[in-house]
Amino acid sequence: FLVEMARGVVEVTGTQFEVVARNETFRVSVGEGSVQVRSDQDQARAVLKAGEAVQLLANGMIGEREEVYADELAAWRTGRLTYIRAELRDLITDLNRYSDTPIRVEDQAAGLIVTGTFNANDMDAPLQTLEQILSIDVKRSEEAIQIDLM
């Protein structure tokens, strides 16, 4: 079957895979089997096998092949969010899906690199951990949670 995205298509060839949309990019990761990712922009193709991922970028191009770990895939089903060398902005985008209070991150802090597994069902734990391991300040108010670079 085919999974059509705004900028391309994923052709499933008997597999376990995940497509995650963030901002204007799509990340396709494969746990078992293989998938073919095609770009609408330039008809580029990437065949991914288990343990591989690519991003379909906002400009329609297919990004570099990346290694992906099995426990990263679909961890969100159990409330776990796993990141390996991800930008803080991506983690915050995902945490906002679970948070009743909007979480905002300033541009200077948004590009900080994060690796770890976080519990999305307990908003305080990931934010406290990030505050301890990164040079950030987390300010909470009734309206929002603000993350700034220290």
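Please read these numbers as outputs of a predicted model, since none were measured by experiment. Throughout, a residue's number is its position along its own chain's written sequence, starting from 1. With the structure being a predicted model, the display of local features is reserved for residues of pLDDT at least 70 and the display and counting of side-chain atom pairs for 80 or more, all residues being used for whole-chain, interface and lining totals. Hydrogens and water molecules were not included; the side-chain quantities draw on all heavy atoms of the structure.

**Here's the deal with the overall build of the chain**
Helix and strand counts for the chain come out as three helices and 13 strands. Seen along its three principal axes, the alpha-carbon backbone of the chain occupies a region of about 45 × 30 × 25 Å. Exposed residues in this analysis have more than 50% of their type's maximum accessible area, buried residues have under 20%, and partly exposed residues fall in between, with area computed by a 1.4 Å probe over protein chains only. Out of the 150 residues belonging to the chain, those deemed buried represent 41%. When checking whether two residues touch, look at their non-hydrogen atoms; a contact exists if any pair is within 4.5 Å. For the chain, long-range pairs separated by at least 24 residues make up 43% of all intrachain contacts whose partners lie at least 6 apart in sequence. Both charge centroids of the chain, one from 15 positive and one from 26 negative side chains, sit 4 Å from each other. Only DSSP runs of H or I reaching four residues or more are called helices, and only runs of E reaching two or more are called strands; each is numbered from the N terminus. As used throughout, the charge tally considers Lys and Arg to be positive and Asp and Glu to be negative, leaving His and the chain termini uncounted. The atom standing in for a charge is NZ when the residue is Lys, CZ when it is Arg, CG when it is Asp and CD when it is Glu.

**Topic: the layout of surface pockets**
A volume near 690 Å³ is recorded for the largest pocket. Elements supplying a minimum of two residues to the lining of the largest pocket: strand E3 (16-22), strand E4 (25-32), strand E8 (66-67), strand E9 (80-87) and helix H1 (88-98). Top contributing element to the lining of the largest pocket by residue count: E9, with eight residues. Asp, Glu, Lys and Arg are counted as charged, while Ala, Val, Leu, Ile, Met, Phe, Trp, Tyr, Cys and Pro are counted as nonpolar; the rest, among them Gly, fall into the polar class. Looking at the lining of the largest pocket, its residues break down into nine nonpolar, four polar and 13 charged. Lining residues are defined by having an atom within 4 Å of a point belonging to a cavity or pocket. Those points lie on a 1 Å grid over the protein atoms alone, cavities being sets where a 1.4 Å probe fits but cannot get out and pockets being open sets with protein on both sides within 12 Å along at least five of seven lines. Grid points are joined across faces, edges and corners, and a volume is the space filled by probe spheres set on the points.

**Examining the pairing of strand E12 (residues 136-140)**
Here the rule is simple: two strands pair whenever DSSP picks up at least two bridges between them. Looking at chain direction, E12 and strand E13 (residues 145-149) are connected through five bridges and run antiparallel. Residue pairing in the sheet places Lys139 in a bridge with Gln146 of E13. Counted along the chain from E12 to the antiparallel partner E13, the turn is four residues long.

**Re the packing of aromatic side chains**
Stacked, tilted and edge-to-face are the three classes assigned to paired rings of Phe, Tyr and Trp, where Trp is represented by its six-membered ring and a pair needs centres within 6.5 Å; plane angles under 30 degrees give stacked, over 60 edge-to-face, the rest tilted. All told, the structure shown has one aromatic pair when counted by the stated rule. The interplanar angle of 50 degrees and the centroid separation of 6.4 Å between the aromatic rings of Tyr83 and Phe118 together place this pair among those described as tilted. A residue pair is termed long-range when its members are at least 10 positions apart, and Tyr83 in strand E9 and Phe118 in strand E11 (residues 113-119) qualify at 35 residues.

**Description of the pairing of strand E5 (residues 34-39)**
In terms of burial, E5 is a largely internal element, five of the six residues being buried. Where strand E2 (residues 8-12) and E5 come together, five bridges link them in antiparallel fashion. Paired with Gly8 across the two strands is Ser39, which belongs to E5. Examined bridge by bridge, E5 and strand E6 (residues 45-49) share five bridges and lie antiparallel to one another. Paired with Arg38 across the bridge in E6 is Arg45. A loop of five residues connects E5 with E6, the two strands running antiparallel in sequence, and Gln43 in this loop sits at a positive phi of about 60 degrees.

**Quick look at the sheet that holds E3**
On the basis of which strands lie adjacent, the open sheet formed by four strands has the order E3-E4-E7-E8 and antiparallel pairing. Looking at the sheet topology across the chains shown, the edges are occupied by E3 and E8.

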